[in-house]
Amino acid sequence: MPTLSMKTPLGPVTLVEEAGKLTALRWGAAKNSEATPLLRRARQQLEAYFDGCREPFDLPLHPEGTAFQKNVWRKMARIPYGKTRSYGELAGELKSAARAVGGACGRNPLPILIPCHRVLGAHGALGGYSARGGVKTKRRLLALEGAEAR
């Protein structure tokens, strides 16, 4: 499967493509990269995002997960740039528990592209973040978007 590593303000990330769709954004660099047209497009969109010039991503995504996780990721993908939602709000929409939503957020294979950083705990608490740097990285992404968090 083709991969492409790139530098970001958060450190290196690696994009993974399978069957013409992005399946993962991993923290860190891969040893080998292959710049397919889709991976180059994803790199360009991420660069624009980090430059503050891109809001929604326009990329084919195919995250692997359970049916519940995919439902959570679809809800997260609809959170607009610069806005946040709580684990509890998403749980209410999914008729689930906030903890289950948090678990799905933590297993998101496409962070940033599926914006799990826009999901906060009760009363605006940051909660956790699966990326290198954890909550500090989440705070940086929210600040980049002009979103408020405690």
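Anything mentioned here points back to the structure above.
About the cut-offs
- Residues numbered from 1 in each chain as written.
- Predicted model: local features only at pLDDT ≥ 70, side-chain atom pairs only at ≥ 80, totals over all residues.
- Heavy atoms only, no water.
- Helix = DSSP H or I, 4+ residues; strand = E, 2+ residues; numbered from the N terminus.
- Rg over C-alpha atoms; globule rule 2.2 N^0.38 Å.
- Buried < 20%, exposed > 50% of the residue type's maximum accessible area, 1.4 Å probe, protein only.
- Axes fitted to C-alpha atoms, helices over the stretch in contact; angles between N-to-C directions.
- Parallel < 35°, antiparallel > 145°, perpendicular 65-115°, else oblique.
- Contact = heavy atoms within 4.5 Å.
- Nonpolar A, V, L, I, M, F, W, Y, C, P; charged D, E, K, R; others polar.
- Pairing = 2+ DSSP bridges.
- 1 Å grid on protein atoms, 1.4 Å probe; cavity = no way out; pocket = protein on both sides within 12 Å on 5 of 7 lines; lining within 4 Å.
- Points joined across faces, edges and corners; volume = space filled by probe spheres on them.

Enquirer: What exactly am I supposed to notice about the overall build of the protein chain here?
Expert: Each helix and strand counted, the protein chain has 5 helices and 5 strands in total. Along the protein chain, helices and strands appear, N-terminal first, in the series β-β-β-α-α-β-α-α-β-α. Scaling as 2.2 N^0.38, a compact globule of 150 residues should have a C-alpha radius of gyration of about 15 Å, and the protein chain matches this with 15 Å. Each principal axis of the C-alpha distribution contributes one length, and for the protein chain these read about 40 × 30 × 25 Å. Every one of the 150 residues in the protein chain was classed for burial, and the buried ones make up 44%.

Enquirer: Can you help me understand the packing of helix α2 (residues 67-77) against helix α4 (residues 98-106) in this one?
Expert: For any two helices packed against each other, one specifies the inter-axial angle together with the distance between the axes. Two elements in contact, α2 and α4, have axes whose closest approach is 9 Å; the angle formed by their N-to-C orientations is 85°. In terms of their interaxial angle, α2 and α4 are classed as roughly perpendicular. Listed contacts from α4 to Phe68, Gln69, Val72, Trp73 and Met76 of α2 are Ala100, Val101, Ala104 and Cys105. Partitioning the contact of α2 with α4 into residue classes produces 8 nonpolar, 1 polar and no charged.

Enquirer: Mind showing me how you'd approach the sheet that holds strand β1 (residues 3-6) here?
Expert: Each strand in a sheet pairs with another by means of backbone hydrogen bonds, the pair being arranged parallel or else antiparallel. Across the sheet, which stays open at both edges, the 3 strands sit in the order β1-β2-β3 with antiparallel pairing between neighbours. Each edge of the sheet is formed by a strand with only one pairing partner; in this case those strands are β1 and β3 (21-27). With direction set aside, neighbouring strand axes in the sheet form an average angle of 20°. One ladder, built from 4 bridges, connects β1 with strand β2 (residues 13-18); its direction is antiparallel. Each residue of the ladder has a partner; that of Ser5, found in β2, is Thr14.

Enquirer: What am I meant to see in unusual backbone geometry here?
Expert: Generally, phi is negative for residues other than glycine and the peptide bonds are trans, each holding for most cases. Positioned with a positive phi, Ala19 is a non-glycine residue whose angle comes to about 50°. Within the secondary structure layout, Ala19 lies in the loop between β2 and β3. Backbone geometry at Ile112 places phi at a positive 75°, although glycine is not the residue there. By secondary structure assignment, the location of Ile112 is in the loop between α4 and β5 (119-120).

Enquirer: Looking at this structure, how should I read the layout of surface pockets?
Expert: Over the atoms rolls a probe the size of a water molecule, and in doing so it shows where empty space is left. What the largest pocket holds in volume is close to 220 Å³. What lines the largest pocket is a set of 13 residues, and nearest its centre among them are Pro56, Phe57, Ala77, Leu113 and Arg118.

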